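A structural walkthrough
So the chains spell out like this:
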Amino acid sequence: YILYPDSSFLDRTSISLQTQVRHNYDGILKDLRITPSINFSMVGQTYLYLSYQVVHNERYNNKYFKGVNRVVISLNTRPLKEVSLNIFAHLGKFIYRTDNPTLGNGHNISASITLKPTSKLNLEFSYDRARLSDEISDELFYDGNIYRCVAIYQFSQETFFRTILQYNSFDDSYRLYPLFSYK
């Protein structure tokens, strides 16, 4: 359902209800979800999306989990053609996907900013975070962050240089991925 409110900052609001039912090839239920959501489109190329998985039951490794419910929040904006911001979060229940899976409480959060200071240079800075702990015992399964910077310089239509610099706290590693391309 779409609303077009008479507002100076809100262009459109859409309300939806998504459902998902998946079975494997043997006809066994793998996934059942019911997710109401609301999406706001605002001036300045700004979008806010909110949803809650009212029902999320999932089979993983022959174990059926009920109540894997979570909230999803997404905010995207591009106030200037040279700047864009994104924030994305999943908050709630997750399956710890191991040989002996279990249900846990956690979150996955991402944020990024993209800058285009010149027509040839594009910079993206991003942050990703994930945490999961056992629902009953509160045992920590994982908790970590990934910081990343991607820089692209376009020398011409045929030539560019891209480099990715990343720090991963899960394994305490730094990575550098340079790339020079000529077509």
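The structure reproduced in this document is the subject of the present report. (Residues numbered from 1 in each chain as written. Predicted model: local features only at pLDDT ≥ 70, side-chain atom pairs only at ≥ 80, totals over all residues. Heavy atoms only, no water.)

What to know about the overall build of the protein
- Within the protein, the regular secondary structure consists of zero helices and 13 strands.
- Reading the protein from its N end, one meets helices and strands in the order β-β-β-β-β-β-β-β-β-β-β-β-β.
- For the protein, whose C-alpha radius of gyration is 21 Å, the value lies well above the compact-globule estimate of 16 Å for 183 residues.
- When the backbone C-alpha atoms are referred to their principal axes, the protein occupies close to 55 × 50 × 35 Å.
- For the protein, the residues scored as buried account for 27% of the 183 residues in total.
- A sequence separation of at least 24 residues applies to 34% of the contacts in the protein between residues at least 6 apart.
- Counting only carbon and sulfur atoms, one obtains 57% of the accessible surface of the protein, whose full area is about 11,800 Å².
- Charge centroids of the protein, computed over 20 positive and 17 negative side chains, lie 5 Å from each other. (Helix = DSSP H or I, 4+ residues; strand = E, 2+ residues; numbered from the N terminus. Rg over C-alpha atoms; globule rule 2.2 N^0.38 Å. Buried < 20%, exposed > 50% of the residue type's maximum accessible area, 1.4 Å probe, protein only. Contact = heavy atoms within 4.5 Å. Areas by Shrake-Rupley, 256 points an atom, 1.4 Å probe, with all protein chains shown as cover. Lys, Arg positive; Asp, Glu negative; His and termini not counted. Charge placed at Lys NZ, Arg CZ, Asp CG, Glu CD.)

Description of the packing of aromatic side chains
- Per the counting criterion, the structure on display carries eight aromatic pairs.
- Taking the centre distance of 6.5 Å and the plane angle of 55° together, the rings of Phe155 and Phe180 count as tilted. With Phe155 in the loop between β11 (140–154) and β12 (159–168) and Phe180 in strand β13 (residues 173–182), the pair connects residues that are 25 residues apart, well separated along the chain.
- Given the relative accessible area of 45%, Phe155 is considered partly exposed.
- Taking relative accessible area as the criterion, Phe180 reaches 54% and is therefore assigned exposed.
- Here Tyr167 and Tyr174 contribute two aromatic rings whose centre-to-centre distance is 4.7 Å and whose plane-to-plane angle is 45°, an arrangement assigned as tilted. (Phe/Tyr/Trp six-rings, centres within 6.5 Å; stacked < 30°, edge-to-face > 60°.)

Some words on the pattern of salt bridges
- Under the criterion given, the structure shown has eight salt bridges.
- In this structure, Arg33 engages Asp31 in a salt bridge whose closest nitrogen and oxygen atoms are separated by 3.1 Å.
- One salt-bridge network, held together by shared partners, links Arg22, Asp31, Arg33, Glu58 and Arg97. (Salt bridge = Lys/Arg side-chain N within 4 Å of Asp/Glu carboxyl O.)

Brief notes about the pairing of β11
- Examined bridge by bridge, strand β10 (residues 121–134) and β11 share 13 bridges and lie antiparallel to one another. Of the residues in β11, the one forming a bridge with Ser133 is Leu140.
- Between β10 and β11, which pair antiparallel and follow one another directly, the connecting turn spans five residues, one of which, Asp138, has a positive phi of 70°.
- Note: β11 against β12, nine bridges, orientation antiparallel. (Pairing = 2+ DSSP bridges.)

Some words on the pairing of β13
- The sheet contact formed by β12 and β13 spans ten bridges and is antiparallel. Pairing of Ile164 across the sheet is with Tyr177, part of β13.
- Where β12 hands over to β13, the hairpin turn is made up of four residues, of which Asp172 adopts a positive phi near 50°.

Details of the side chain of Ser173
- With respect to the helices, strands and loops of the structure, Ser173 is situated in strand β13.
- Here Ser173 falls in the buried class, since its relative accessible area comes to 11%.
- Not counting chain neighbours up to four residues away, the residues in contact with Ser173 comprise Gln166, Tyr167 and Asn168.

Considering the environment of Arg22
- With respect to the element layout, Arg22 can be found in strand β2 (residues 10–23).
- A C-alpha to C-alpha distance of 9.2 Å links Arg22 and Arg33, two positions eleven residues apart in sequence.
- The residues contacting Arg22, other than those within four sequence positions of it, are Ile28, Leu29, Lys30 and Asp31.

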